[in-house]
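# Coordinate analysis (summary)
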Amino acid sequence: MKNIMAIVACLSFVFSFASIASSATLTLIVNDTAEQGDVRVAVFSNQTDFENGNSFLAVNSPATLGVTKLEIEDLPVGKYGIALFQDLNENMRLDRNLFDVPTEPYGFSRNPIISFSAPQFEDFEFEFNGMPLVLTITLNRG
């Protein structure tokens, strides 16, 4: 009977550890944020969805001065790209000027160099393997 109880206890420990390990978190560290508005994050899974604005997942958090940290829990294994912006006036959209240039800070995973248009998905794509991952994104200003 003691052996059975010991086995049950061991299995309970192993299964509880497995459930913790499978709930990996993607942590985003967003640099250069102002203490104003929200940081709005969209997670995309391919170029077409990015072009059409069809995010796989969206999260937001109040911005803090200097660095804003966001966490995405239980993200499935796969390839993703993150586009985000700081919604300074909290109107829930990326504001742009007459030339369609963003007037609010924005950024992408892998921090691609931004020229005259949004990057291609492959420029900000990353692999999420189910293990905890931290990505640092530095905001661009228009």
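Residues numbered from 1 in each chain as written. Predicted model: local features only at pLDDT ≥ 70, side-chain atom pairs only at ≥ 80, totals over all residues. Heavy atoms only, no water.

## Quick notes on the environment of Pro62
Within the secondary structure layout, Pro62 lies in strand 3 (residues 57–62). Remark: the alpha-carbon pair of Pro62 and Gln36, spanning 26 residues in sequence, is separated by 7.7 Å. The contact partners of Pro62, leaving out residues within four places of it in the chain, are Gly37, Asp38 and Thr68. (Helix = DSSP H or I, 4+ residues; strand = E, 2+ residues; numbered from the N terminus. Contact = heavy atoms within 4.5 Å.)

## Considering the packing of aromatic side chains
Evaluated as defined, the whole model comprises eight aromatic pairs. For the pair Phe50 and Phe108, a centre-to-centre distance of 6.1 Å together with 85° between the ring planes defines the contact as edge-to-face. With Phe50 in helix 2 (residues 47–52) and Phe108 in strand 6 (residues 106–108), this pair connects stretches of sequence that are 58 residues apart. The same class applies to Phe50 as to Phe108, namely buried. Note on Phe108 and Phe124: the rings are 5.0 Å apart at their centroids and 55° apart in plane angle, and the pair reads as tilted. With Phe108 in strand 6 and Phe124 in helix 3 (residues 121–124), this pair connects stretches of sequence that are 16 residues apart. (Phe/Tyr/Trp six-rings, centres within 6.5 Å; stacked < 30°, edge-to-face > 60°. Buried < 20%, exposed > 50% of the residue type's maximum accessible area, 1.4 Å probe, protein only.)

## Digging into the side chain of Thr27
Positionally, Thr27 belongs in strand 1 (residues 25–33). Thr27 has contacts with Lys69, Leu70, Glu71, Leu133, Val134 and Leu135, leaving out every residue within four places of it along the chain.

## Some points on the pattern of salt bridges
Applying the stated criterion across every chain yields a total of five salt bridges. Where Asp38 meets Arg40, a salt bridge forms, and the shortest distance between an N and an O atom there is 3.4 Å. The pair formed by Asp38 and Arg40 is uniform in burial state, with each residue classed as buried. Asp100 serves as the salt-bridge partner of Arg96, at 3.7 Å between the closest nitrogen and oxygen. For Arg96, a relative accessible area of 44% puts it in the partly exposed group. Put simply, Asp38, Arg40 and Asp87 are held in one network by salt bridges that share partners. (Salt bridge = Lys/Arg side-chain N within 4 Å of Asp/Glu carboxyl O.)

## Digging into the environment of Ser109
Structurally, the position occupied by Ser109 is in the loop between strand 6 and helix 3. On the accessibility criterion, Ser109 (1% relative accessible area) is buried. Distance in space between the C-alpha atoms of Ser109 and Phe124 is 5.0 Å, their sequence separation being 15 residues. Residue contacts for Ser109: discarding those within four places in its chain leaves Gly81, Ile82, Asp123, Phe124, Phe126, Leu135 and Ile137. Among the polar contacts made by the side chain of Ser109, one reaches the main-chain carbonyl oxygen of Phe124 at a distance of 2.5 Å. (Polar contact = N/O pair within 3.5 Å; in protein donor to acceptor, adjacent residues only side chain to side chain.)

## A few points about the nonpolar core
In terms of nonpolar packing, the biggest core is built from 19 residues, with Leu26, Leu28, Val41, Ile82 and Leu84 touching the most fellow members. Of all the secondary-structure elements, those providing two or more residues to this core are strand 1, strand 2 (38–44), strand 4 (66–73), strand 5 (78–87), strand 7 (125–128) and strand 8 (133–138). Not counting chain neighbours up to four residues away, the residues in contact with Leu84 comprise Val30, Val39, Arg40, Val41, Tyr106, Gly107, Ile137 and Leu139. Of all hydrophobic cores here, the second largest spans nine residues; its members include Ala42, Phe44, Tyr106 and Phe124. (Core = buried A, V, L, I, M, F, W, Y, C linked by side-chain atoms within 4.5 Å.)

## Some remarks on unusual backbone geometry
Non-glycine residue Asp32 carries a positive phi angle of around 75°. Considering the arrangement of structural elements, one finds Asp32 in strand 1. Residue Asp100 is not a glycine yet carries a positive backbone phi of 70°. Counting through the fold element by element, Asp100 comes out in the loop between strand 5 and strand 6.

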